[in-house]
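# Chains, contacts and geometry: an overview
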Amino acid sequence: MATVTYSGATRIYPGSEKPAVDKLDIEIQDGEFLVLVGPSGCGKSTSLRMLAGLEEVDEGSIYINDTDVSNLPPKSRDIAMVFQNYALYPHMSVFDNMAFALKLRRMPKADIKQRVEDAAKLLDLSDYLGRKPKALSGGQRQRVAMGRAIVREPQVFLMDEPLSNLDAKLRVQTRSQIASLQKRLGITTVYVTHDQIEAMTMGHRIAVMKDGLLQQCDTPRTLYEKPGNTFVAGFIGSPAMNLKTVSLTEAGALFGDVTLPLSREVRDAATQDGGDQQVTVGFRPEHCKLGAEGSGGIPVEVDLVEELGSEAYVYGHAAYNDSSERFVVRTESAHVPRLSETVYVVPEPGHEHVFHASTGQRLN
Amino acid sequence: MRTKATESLLHVVLLGWAALVTLPLAWAVLSSLKTDAEIFASPWSLPDELRWDNWARAWQEASIGRYLLNTLIVVGGALVLVMLLGALTAYCLARYRFPGNRVIYYTLVAGMLFPVFLALVPLFFVVDQLGMLGTYHGLILVYAAYALPFTVFFLHAFFRGLPTAVAEAAFLDGCSHTSAFFKVMLPMARPGMVSVGIFNFLGLWNQYLLPLVLNPDPDRYVLAQGLAALAVSQGYRSDFSGLFAGLIIAILPVLAAYVLFQRQIRSGLTAGAVR
């Protein structure tokens, strides 16, 4: 049972000027499931490896409970990690893989057997304890890696993209298994992924990173409803939010001939800090409707329709301000427009996200 | 694409090659079981009766038994030493960054290219002044040093190829650097260790030049020296059957090693070629 605190933690790789992780501050509660998410190269894996003790902390510190672990070797941190490629010991049986850490701790043999068998039962591995990793399927190997972490009963679980080597169906299944297992064991968990759906479905809180900088750390719902900047707005949600930088008028944001009304405070905030009479407005595909001609919607010519059965996504482009802007709208599959047809996109009032045009920070 | 014609041509070449290697060996085995008179009178015929006493004579009178024991001690000792040192060195050079890493590595690689003939005279004086001339440990140390560059070179590539994450998993599981090496990385490198071990065994077993210079005591002769001495002395007494018997005794362990480990030898030859 432990809390984890990153306090200004920074990692600069040798031979590089730019920090891979830049002054990271996160407080992770006891028993929390925190997901680090971001595009590749954003520093999420490095952050995890700093906590594991596999990367140095060049500035700042990392605490587990109240202990500064920044300079402790990995073995003194009491953490267990699940690697992307599982990193099982190929020369050991499944049992020995799981028992290895316990043997190193000189735990009595009977206790080791008990713990490994319990974990194996939990993970449905009881029949495979005598096998070598190479005789297992990908999903089974993944479970052995989980088991190796579980038997340790560590203070913190670390998981580095543990599902990325599984096929799509197994990934969805294992995703919920890991989440429920974590809930049951109540062990503080830090989970790295590049997949925002994994992040949204598993995490109690999600930390979104980009270029080594923490963008926002909050619950999945808050990230979805109130993304703190344009990066988070574009990253969370699938298909991505329609994010457009348009002219700011006295009335609001101007999409060609159509004005999206904005409140006075938002308009004032948008003009500060070199806003340059521009504003970035976003609305999610699921938060707009397709209206008829004259409904005040933005005219969009349909390029592509993705039918998913229960719903459909309409992709199209609108020409205004001398540029062609792409839009995505979710619609019920009963009313799917034809290709090249012009539809009118009406954002639902109250669901728009407004950001500063140059800083990208949220305004409403 | 291989056509049938090239396939059969290939087989003809390989058959010729196999005959070239096997026939002299078979001829030596046959000759070791004949009398001297038979060898000279009808070199290609089968022996009238199998004369195992040639083997007994070689073993006892020509001291092949003692030479075999000497060789086992020296090669065995050198093998243990060079595998241990080589694995440790290769692992450190392959997986840790420190100043001088590359210098050490390339020095070792350069050692592989250095012709041992050039080192013989200085080596003789060094070993002599250390008082190790004609001793087991003197020869073991020189053998180990001789085999170390290749061992490190080979295992370096091998340790490089092992996944880093497994070592990291071992650290997280509570291993120190030492225990991660001995408990996880070394077992994972077993195929490489076996391959290079066999290469070293064969190379050191056949070593003639180094013992010729550094091992003057006839009681401590290794097999290659013993056989050469036998060839010289038996030449006058013309005990060719005994010489052939000694030769076969000397070959047998090497042959056994080839037969037992041929799969590893083959995989060792191509190790590192394809990941």
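## Brief notes about the overall build of chain A
Helix and strand counts for chain A stand at nine helices and 20 strands. When its C-alpha atoms are laid out on the principal axes, chain A stretches across 80 × 45 × 35 Å. The burial tally for chain A puts 43% of its 364 residues in the buried class. Taking as baseline every contact in chain A between residues at least 6 positions apart, the subset at least 24 positions apart corresponds to 66%.

## Considerations on the overall build of chain B
Scanning chain B from N- to C-terminus turns up 13 helices and zero strands. For chain B, the α and β elements follow one another from N to C terminus as α-α-α-α-α-α-α-α-α-α-α-α-α. Each of the three principal axes of chain B carries a C-alpha extent, and together these read 70 × 65 × 35 Å. Looking at chain B as a whole, 33% of its 275 residues are labelled buried. Restricting the contact set of chain B to residue pairs at least 6 apart, pairs at least 24 apart contribute 76%.

## Details of the nonpolar core
Ranked by size, the top nonpolar core spans 164 residues in total, and within it Met81, Leu158 and Val190 of chain A together with Ala78 and Tyr143 of chain B carry the most contacts. Contact partners of leucine 158 of chain A, with chain neighbours within four places excluded, come to Leu48, Leu51, Ala52, Ile79, Met81 and Val190 of chain A.

## Overview of the sheet that holds strand E5 (residues 67–68) of chain A
All names here are of chain A. Here four strands make up an open sheet; going across it, the order is E2-E1-E4-E5 and the pairing antiparallel. Looking at the sheet topology across the chains shown, the edges are occupied by strand E2 (21–28) and E5. Note: strand E4 (residues 59–64) against E5, two bridges, orientation antiparallel. The residue bridging tyrosine 63 from the neighbouring strand is aspartate 68, located in E5.

## A look at the domain arrangement of chain B
In terms of domain boundaries, chain B breaks down into domain 1 (4–53) and domain 2 (63–232). Computed from C-alpha coordinates alone, the two centres of domain 1 of chain B and domain 2 of chain B are separated by 35 Å.

## Considering the sheet that holds strand E20 (residues 353–356) of chain A
Residues and elements named next belong to chain A. Taken together, the five strands give an open sheet; going across it, the order is E13-E12-E11-E14-E20, and neighbouring strands pair in antiparallel fashion. Each having just a single partner strand, strand E13 (258–261) and E20 make up the two edges of the open sheet. Put simply, the sheet's adjacent strands are angled 40 degrees from each other on average, direction ignored. In this structure, strand E14 (residues 278–283) lies alongside E20, joined through four bridges in antiparallel fashion. Bridging across to E20, glycine 282 finds its partner in histidine 353. The sheet contacts of helix H9 (residues 264–271) involve strand E11 (242–248), E14 and E20, and relative to E11 the element is tilted by about 85 degrees.

## With respect to the interface of chain A and chain B
Of the residues lining the interface, 17 residues belong to chain A; the matching set on chain B comes to 13 residues. Within the residue set of the side of chain A that touches chain B, elements represented by two or more residues are strand E6 (79–82) and helix H2 (94–104) of chain A. Residue classes in the side of chain A that touches chain B are distributed as 13 nonpolar, two polar and two charged.

## Points about unusual backbone geometry
Most peptide bonds take the trans form, and the phi angle of most residues other than glycine is negative. Residues and elements named next belong to chain A. Geometrically, the link from serine 238 to proline 239 is a cis peptide bond, its omega value of -5 degrees lying close to zero. Even without being a glycine, alanine 87 presents a positive backbone phi close to 50 degrees. Tracing the backbone shows alanine 87 in the loop between E6 and H2. In this structure alanine 87 comes out as buried when scored by C-beta crowding, with 25 C-beta atoms within 10 Å. In this structure, glutamate 161 is a non-glycine residue whose phi angle is positive, near 45 degrees. Here glutamate 161 is to be found in the loop between strand E7 (156–160) and helix H5 (168–185).

## A short note on the confidence of the model for chain B
Within chain B, residue pLDDT values average 86, and 94% of them lie at 70 or more. Of the two predicted TM-score estimates for the complex, the pTM is 0.81 and the ipTM is 0.85.

## Structural notes on the pairing of strand E9 (residues 205–210) of chain A
Two faces belong to every sheet, and in a regular strand the side chains alternate between them. Residue and element names in this part refer to chain A. Bridging between strand E3 (residues 33–37) and E9 involves four bridges; their strand directions are parallel. Bridging from a neighbouring strand, valine 37 pairs with valine 208 of E9. Hairpin connection of E9 to strand E10 (residues 213–218): two residues between the antiparallel strands, including aspartate 211 at a positive phi of 50 degrees.

## Some points on the packing of helix H4 (residues 64–95) of chain B against helix H10 (residues 190–205) of chain B
Residue and element names in this part refer to chain B. In the contact formed by H4 and H10, the axes pass within 10 Å of each other and the chain directions differ by 145 degrees. In the crossing of H4 with H10, the sense of the turn from one axis to the other is right-handed. Mapping the contact onto sequence places Thr71, Val75, Ala78, Leu79, Val82, Met83 and Ala87 in H4 and Met193, Gly197, Asn200, Phe201, Leu204 and Trp205 in H10. For the contact of H4 with H10, the class distribution of residues is 10 nonpolar, three polar and no charged.

## Observations regarding the pairing of E3 of chain A
All names here are of chain A. E3 sits mainly inside the fold: five of its five residues count as buried. Here E3 shows two buried faces, one formed by Phe33, Val35 and Val37 and the other by Leu34 and Leu36. Sheet topology note: the E3/strand E8 (residues 188–193) ladder contains five bridges and is parallel. What sits directly across from valine 35, in E8, is tyrosine 191.

## Some words on helix H1 (residues 4–32) of chain B
Taking 1.5 Å as the rise per residue, H1 of chain B with 29 residues should run 42 Å; its terminal C-alpha atoms sit 41 Å apart, in good agreement. In terms of residue burial, H1 of chain B counts as a barely covered element, since only two of its 29 residues are buried.

## Considerations on the environment of glutamate 341 of chain A
Residues and elements named next belong to chain A. Take glutamate 341: it is sitting in the loop between strand E18 (323–332) and strand E19 (342–347). For glutamate 341, a count of 13 C-beta atoms within 10 Å translates into the label partly exposed. Here the alpha-carbon distance between glutamate 341 and serine 76, two residues 265 residues apart in the chain, equals 64 Å.

## Regarding the packing of helix H7 (residues 136–161) of chain B against H10 of chain B
All names here are of chain B. Direction vectors running N to C along H7 and H10 enclose 155 degrees, while the axes themselves pass 10 Å from each other. Our classification of the angle between H7 and H10 gives roughly antiparallel. Crossing geometry of H7 relative to H10 is assigned as right-handed. Touching Tyr143, Ala147, Thr151, Phe154, Leu155 and Phe158 of H7 are Gly192, Val196, Asn200, Gly203 and Leu204, all from H10. Taken together, the residues of the contact of H7 with H10 break down into seven nonpolar, four polar and no charged.

## Observations regarding the environment of aspartate 273 of chain A
Residues and elements named next belong to chain A. Tracing the backbone shows aspartate 273 in the loop between H9 and E14. Judged by the 12 C-beta atoms lying within 10 Å of it, aspartate 273 falls in the exposed class. In this structure the C-alpha to C-alpha distance between aspartate 273 and alanine 357, which are 84 residues apart in sequence, comes to 9.6 Å. Apart from the residues lying within four places of it in its own chain, the contact partners of aspartate 273 are His356, Ser358 and Thr359.

Cut-offs used in this document
Residues numbered from 1 in each chain as written. Chains lettered and ligands numbered in written order. Predicted model: local features only at pLDDT ≥ 70, side-chain atom pairs only at ≥ 80, totals over all residues. Helix = DSSP H or I, 4+ residues; strand = E, 2+ residues; numbered from the N terminus. Buried ≥ 20, exposed ≤ 12 C-beta atoms within 10 Å, placed from the backbone. Contact = placed C-beta atoms within 7 Å. Core = buried A, V, L, I, M, F, W, Y, C linked by C-beta atoms within 7 Å. Pairing = 2+ DSSP bridges. Domains from an automatic or database assignment. Axes fitted to C-alpha atoms, helices over the stretch in contact; angles between N-to-C directions. Nonpolar A, V, L, I, M, F, W, Y, C, P; charged D, E, K, R; others polar. pLDDT = per-residue confidence, 0-100. Left-handed = near helix turned anticlockwise from the far one by under 90°. Expected span 1.5 Å × (residues − 1). Parallel < 35°, antiparallel > 145°, perpendicular 65-115°, else oblique.

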